[in-house]
Each structure stands twice: as structure tokens, then as C-alpha cells.
Amino acid sequence: MSRIGRQPIAVPAGVEVKIDGSTVTVKGPKGTLTRTVHENMNVAMEDGAILVTRPDDSNENKSLHGLTRTLIHNMVIGVTEGFKKELEVNGVGYRVAKQGKDLVMNIGYSHQVIMPEIDGITIEVPAPNKIVVLGADKQMVGQFAAEIRDKRRPEPYKGKGIKYADEHIRRKEGKAGKGGK
């Protein structure tokens, strides 16, 4: 049996879980998340915890078992604590600011790059070279942070660009001179 899939998901106080067939809705202080799980997976509430079971040991069901449990667990964490991705902007003259609900970035182009906040995502700019993306849906937070990073990926020579706070950029050596003649 799946080691991750068989673990029950504890439902903290203040979180409401509704299971309607293969649709799971989790409601908490940070919002409401809904996900439709694969029809082969059985999701049930027992003793204040969510249990995910599979009908048989086919390879497909084994694969879906742990995935389904993890997705539901991330929904519970999302509505209680939320998820956060931090990005850093490196480069001379590169800076970011928040104007209303828009993220305005000066990242070396001849124009400013503007990204509006989307539903379910909050952008914070604690410093001119830091961006924090917050939200309840883990996939949505990661996707939005990746889209911000794609506007100017870090380059390997000087490290200029937008990178994740915990990302390490492998640096390359520049061109070597020809030498003596």
C-alpha cells in the first residue's frame, strides 16, 4: 500500500470539509478550495480525519493513491496557513514596486513590465528587490511565481534577473583573453 496514501489527513479546527462523490471542498479562514479527484479514489471522513483509499492494487491506482492524498492535504494546509513563494530581483537598476493591485517591474527592458494580481493570489513587495507571492492554492502560487520569474530569468554570468529566494544560480566564467603575442 502507498506509504503516503494510507496516512489520514488531520482536519484542524475551523476547517470545513465537504465530500460530494469525487468532489472535495475544503473551506477555512484563508478561503475555499474545490478539487475533483479521480473516480477510482475513495475519499471519506472518519473521526475528524480524511482517509483516501483505492479499490485495487493496479499500477494506475497505486500512482493515484498518494497523489490524491497529497493534493487534499495541500488544500487543507492552503486554507489554514496558505502558501508563499519569495523571489529576488538582482541587477543594477532592476527594481519592483506595487501600484494598486499591479506589480510594476523595471528589469532592464525599455519599458516597465506590469503584472496584475489574479484572483486567489496576493503580491507583496517588502523591498525594491523582493517579491512575495501568497495564496491558498499551492499550484496557483507556484505557477504565478514561475510566470514572474519568466519575465527575466537569471543569467549565468552576472546573475542578473529574477530568481527564487532559495535558488542557486550556477555561475559561468566570462570569456578569457587571447594572451601574449
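An account of the accompanying structure is given in this report. (Residues numbered from 1 in each chain as written. Predicted model: local features only at pLDDT ≥ 70, side-chain atom pairs only at ≥ 80, totals over all residues. Heavy atoms only, no water.)

1. Topic: the pattern of salt bridges
Applying the stated criterion across every chain yields a total of eight salt bridges. Of the charged contacts, one joins Asp 57 and Arg 54 as a salt bridge, the two residues approaching to 3.0 Å between their closest N and O atoms. You can call Asp 57 exposed: its relative accessible area is 54%. Across the pair Glu 117 and Lys 98 runs a salt bridge whose closest N-O atoms are separated by 2.9 Å. You can see Glu 117 sitting in the loop between β10 (113-116) and β11 (121-127) and its partner Lys 98 sitting in strand β8 (residues 95-99), a full 19 residues away along the chain. (Salt bridge = Lys/Arg side-chain N within 4 Å of Asp/Glu carboxyl O. Buried < 20%, exposed > 50% of the residue type's maximum accessible area, 1.4 Å probe, protein only. Helix = DSSP H or I, 4+ residues; strand = E, 2+ residues; numbered from the N terminus.)

2. Quick look at the sheet that holds strand β12 (residues 130-135)
One open sheet holds the four strands; their spatial order is β11-β12-β7-β13, and the pairing between them is antiparallel. Of all strands in the sheet, those with a lone pairing partner are β11 and β13 (161-164), marking the two edges. With direction set aside, neighbouring strand axes in the sheet form an average angle of 25 degrees. Pairing of strand β7 (residues 83-90) with β13 involves four bridges; the strand directions are antiparallel. Its bridge partner lying in β13, Val 89 is registered against Ile 162. (Pairing = 2+ DSSP bridges. Axes fitted to C-alpha atoms, helices over the stretch in contact; angles between N-to-C directions.)

3. Re unusual backbone geometry
For Asp 47, which is not glycine, the phi torsion reads 55 degrees and is therefore positive. Its place among the elements puts Asp 47 in the loop between β5 (42-46) and β6 (49-53).

4. A closer look at the sheet that holds strand β4 (residues 31-36)
If you walk across this open sheet you meet the three strands as β2-β3-β4, and the pairing is antiparallel. One side of each edge strand has no neighbouring strand; the edge strands of this open sheet are β2 (16-20) and β4. Averaged over all pairs of adjacent strands, the angle between strand axes in this sheet comes to 10 degrees, irrespective of strand direction. Sheet topology note: the β2/strand β3 (residues 23-28) ladder contains five bridges and is antiparallel.

5. Let's talk about the pairing of β4
As paired strands, β3 and β4 are joined by six bridges and run antiparallel to one another. Opposite Thr 25, over in β4, you have Thr 34 as the bridge partner. Between the end of β3 and the start of β4, which pair antiparallel, lie two residues.

6. Some points on the nonpolar core
Soluble globular proteins: nonpolar side chains tend toward being buried together. Ranked by internal contacts, the top residues of the largest apolar core, which has 20 residues, are Leu 103, Met 105, Ile 131, Val 133 and Ile 148. Of all the secondary structure elements, the ones that give two or more residues to this core are β7, β9 (102-106), β10, β11, β12, α2 (138-150) and β13. Ranked by residues supplied to this core, first place goes to α2 with four residues. What Val 133 contacts, discounting residues up to four positions off in sequence, is Phe 83, Lys 84, Lys 85, Leu 87, Ile 121, Thr 122, Val 141, Phe 144, Ala 145 and Ile 148. Ranked by size, the runner-up nonpolar core spans 18 residues in total, among them Leu 33, Val 43, Ile 50 and Met 75. (Core = buried A, V, L, I, M, F, W, Y, C linked by side-chain atoms within 4.5 Å. Contact = heavy atoms within 4.5 Å.)

7. Looking at the pairing of β10
The two faces of β10 differ: Val 113 and Met 115 on one face are buried, but Ile 114 and Pro 116 on the other face are not. Looking at chain direction, β9 and β10 are connected through four bridges and run antiparallel. Residue Leu 103 lies in a different strand from β10, and its bridge partner there is Met 115. As consecutive antiparallel partners, β9 and β10 are separated by six residues, and within that stretch Gly 108 has a phi angle of approximately 90 degrees, a positive value.

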